[in-house]
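# Structure assessment
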Amino acid sequence: MLKKKLIGPFRQLLTMDKLQIKGALPDDVLEIIEDAGIVIEGDFIERIDKFQVLFDEYQGIEIEKISGSYVALPGFIDPHTHICWAGNRAIDYAMRLAGKSYIEIAKAGGGIWDTVIKTRAASEQELSNITVYRANQLLKDGITTIEVKSGYGLTVDDELKMLRAISAADKITEADLFSTCLAAHICPKDFWGSSTDYLAMMAEQLLPKVKEEGLANRVDIFIEDSAFSPEEALDYLMEARKMGFEIVVHADQFTTGGSKIATEADAISADHLEASEENEIKLLASKNTIPVALPGASIGLADPFTPARRLLDAGASLAIGSDWNPGSAPMGDLLVQAAILSMQQKLNTAETLAAITCRAAAALDLKDRGVLKEGNLADIIAFRLEDYREILYNQGRVKPEMVIKKGIKISSRDKNIMT
Ligand code: NIG
Ligand code: FE
């Protein structure tokens with residue numbers, strides 16, 4: 001029998017339970033248990049109730065009594081990152097500060113291509129180490145589940161190297177990593193054929209290997225003038241679907257077209273959407289594809305924010321990801337970015353917290369987390385605050401003091417976690 005443990009009392013515990021996946025949420029739908037306790041058995045939550053009730057009921061089990069005022073929530077989930085990369089793009093960033101655009105820099109040979117060259121030059125071990133390092137930074141900020149994309153290899157072998165590095169990193173970090181194959185990030189400059197030829201090659205040579213080795217269940221594509229056209233993307237995504245991959249799209253970042261393809265390919269999420277307009281918003285609201293806002297990219301590029309308020313009001317869902325990458329979103333602080341988006345777009349507390357918990361879980365098709373309830377993973381974070389509203393009020397600066405991953409307390413705040 002696994003050991004049981006009672007932890008608490010938490011001054012407030014937000015379960016994030018029973019929230020609909022789509023549409024606007026009133027603040028008062030949040031289920032808040034005061035002076036709450038959680039009984040954990042192994043990796044999972046056995047019970048949540050008032051601490052005193054559990055204390056009386058579970059005589060003789062291990063008790064971790066908390067002193068001080070804590071607000072508990074499900075571990076945060078980042079549904080969109082690119083944390084497996086080598087080098088940095090500080091020079092691009094300085095050029096952007098000096099007035100050059102992301103697209104101009106990419107055309108001049110910088111941008112994603114610059115990171116591809118450095119990532120190709122790195123070994124699988126180096127990439128795994130750096131991914132663990134960044135995942136652990138997110139973990140200590142309370143992000144217990146992290147999606148990670150490939151997309152800086154752009155040859156069959158280099159994409160496999162990235163995905164293997166992510167898989168190796170997942171075995172080391174205590175955060176859960178879920179990988180996505182983004183071989184369709186851009187058509188690499190050294191490819192001999194057209195971008196359509198490149199996609200055909202990846203569909204034929206890479207995706208079967210990814211499946212075979214179980215390196216990713218998701219396939220992503222960047223649909224944009226500077227990357228892939230909507231038409232060629234749809235063919236590629238349909239191929240990927242036939243092979244049993246879940247579909248994700250980098251959509252409507254600078255120009256529209258991507259979200260339409262995302263819905264046609266029945267993508268689980270359409271991410272970015274900074275350029276989405278009325279038609280795209282209506283379309284996304286009418287489907288189950290989850291819009292994922294990436295405020296880190298809006299901040300990094302001084303671009304408009306995703307129209308999150310309008311999406312929710314139209315009836316769409318909304319998750320928020322950090323998009324942590326070396327180019328458009330180098331900050332990698334999900335909570336700060338969610339807090340900024342919430343004020344900029346007037347998302348209330350329920351909508352913002354749902355976007356990085358239960359709705360982010362839905363964007364990754366994960367049913368065992370994002371909500372604190374019996375049977376779910378014991379991924380729990382707790383802020384040393386009096387009231388849950390102080391989380392966004394502090395604009396993301398106050399991080400959780402306590403991070404519990406699968407029932408185990410992570411003490412990475414003070415650990416040197418570079419392996
Ligand atoms: O999500 N837009 C495309 N891909 C990334 C940026 C990658 C990079 O610039 O390295 C994004 O913003
Ligand atoms: Fe991205």
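First, a word on what this report is: a plain description of the structure on this page. These numbers come from a predicted model, not from an experiment. (Residues numbered from 1 in each chain as written. Chains lettered and ligands numbered in written order. Predicted model: local features only at pLDDT ≥ 70, side-chain atom pairs only at ≥ 80, totals over all residues. Heavy atoms only, no water.)

## Here we look at the packing of helix α7 (residues 195-213) against helix α8 (residues 230-242)
The N-to-C vectors of α7 and α8 enclose an angle of 5°; their axes lie 10 Å apart at closest approach. Judged by the inter-axis angle, α7 sits roughly parallel to α8. Side by side, α7 and α8 meet where Ser195, Thr196, Leu199, Met202, Ala203 and Leu207 of the first sit next to Glu232, Ala233, Tyr236, Glu239 and Ala240 of the second. (Axes fitted to C-alpha atoms, helices over the stretch in contact; angles between N-to-C directions. Helix = DSSP H or I, 4+ residues; strand = E, 2+ residues; numbered from the N terminus. Parallel < 35°, antiparallel > 145°, perpendicular 65-115°, else oblique. Contact = heavy atoms within 4.5 Å.)

## Describing the packing of helix α6 (residues 156-172) against α7
Where α6 meets α7, the closest approach of the two axes is 10 Å, and the angle between their N-to-C directions is 30°. When the axis of α6 is compared with that of α7, the two are roughly parallel. The crossing of α6 and α7 is right-handed. Contact with α6, carried on its side by Val156, Glu159, Leu160, Leu163 and Arg164, involves Met201, Met202, Gln205, Leu206, Lys209, Val210 and Glu213 of α7 and no other residues of that element. Among the residues forming the contact of α6 with α7, the class breakdown is seven nonpolar, one polar and four charged. (Left-handed = near helix turned anticlockwise from the far one by under 90°. Nonpolar A, V, L, I, M, F, W, Y, C, P; charged D, E, K, R; others polar.)

## Here we look at the coordination of the iron ion (ligand 2)
Looking at the iron ion (ligand 2), the protein donor atoms are His80 (NE2), His82 (NE2), His250 (NE2) and Asp323 (OD), and they sit 2.0 to 2.3 Å from it. One chain supplies every donor for the iron ion (ligand 2), spaced along it as H-x1-H-x167-H-x72-D. With a gap of 241 residues between them, His82 in the loop between β6 (76-78) and α2 (90-97) and Asp323 in the loop between β13 (319-320) and α13 (334-345) connect regions that are remote in the sequence. For the pair shown, His82 and Asp323 are each scored as buried. (Donors = N, O, S within 2.8 Å, 3.2 Å for Na, K, Ca; no water. Buried < 20%, exposed > 50% of the residue type's maximum accessible area, 1.4 Å probe, protein only.)

## Comments concerning the site of ligand 1
Near ligand 1 you find 15 residues, and of these Arg89, Tyr102, Tyr152, Gln253 and Ser328 are the closest. The contact in question runs from an oxygen atom of ligand 1 to an N or O atom on the side chain of His250, over 3.0 Å. The contact in question runs from an oxygen atom of ligand 1 to an N or O atom on the side chain of His272, over 2.8 Å. Look at ligand 1: alone it shows 330 Å² of surface, and the protein chains cover 100% of it. Residues that form the shell around ligand 1 fall into these classes: four nonpolar, nine polar and two charged. (Near = heavy atom within 4 Å. Polar contact = N/O pair within 3.5 Å; in protein donor to acceptor, adjacent residues only side chain to side chain. Areas by Shrake-Rupley, 256 points an atom, 1.4 Å probe, with all protein chains shown as cover.)

## Some details on helix α10 (residues 278-286)
Residues of α10 that are buried: Glu280, Ile281, Leu284 and Ala285. The buried side chains of α10 occupy one side of the element, clustering within an arc of 130° when seen end-on. Exposed residues lying more than 90 degrees from the buried face of α10 are Asn279, Lys282 and Ser286. Buried residues in α10 make contact with α9 (258-264), β11 (269-272), β12 (290-293) and α12 (308-314). (Arc of directions from axis to C-beta.)

## Here we look at the pattern of salt bridges
Using the criterion set out here, one finds 31 salt bridges in the structure. Two residues, Lys161 and Asp158, come together in a salt bridge whose shortest N-O distance is 3.5 Å. Placement of the pair is Lys161 and Asp158 together in helix α6, with a separation of three residues, close to one helical turn. Residue Lys161 shares its accessibility class with Asp158, and that shared class is buried. A salt bridge links Glu213 to Arg164, with the nearest nitrogen and oxygen atoms 2.5 Å apart. Taken together, the positions of Glu213 in helix α7 and Arg164 in helix α6 put the pair 49 residues apart, joining distant regions of the chain. The exposure class of Glu213 is partly exposed, given its relative accessible area of 39%. Given the relative accessible area of 31%, Arg164 is considered partly exposed. (Salt bridge = Lys/Arg side-chain N within 4 Å of Asp/Glu carboxyl O.)

## Focus: the pairing of strand β5 (residues 71-74)
Pairing between strand β1 (residues 4-14) and β5: two bridges, direction parallel. Its bridge partner lying in β5, Leu13 is registered against Ala72. By the bridge criterion, four bridges tie β5 to strand β14 (residues 380-383) in an arrangement that is antiparallel. Paired with Ala72 across the two strands is Ala382, which belongs to β14. (Pairing = 2+ DSSP bridges.)

## Quick look at the pairing of β11
Both strand β10 (residues 246-251) and β11 contribute to a ladder of four bridges, which runs parallel. Bridging from a neighbouring strand, Ala251 pairs with His272 of β11. For the crossover from β10 across α9 to β11, the handedness is right-handed. Here β11 pairs with β12 via three bridges, running parallel. The partner of Asp271 across the bridge, within β12, is Val292. (Right-handed = clockwise from strand over helix to strand, strands pointing away.)

## Some words on unusual backbone geometry
Residue Pro9 is reached from Gly8 by a cis peptide bond, and omega for that bond is -5°. Although it is not a glycine, Met16 adopts a positive phi angle of roughly 60°. The backbone of Lys346 shows a phi angle near 55°, a positive value even though the residue is not glycine. One can find Lys346 in the loop between α13 and α14 (349-355).

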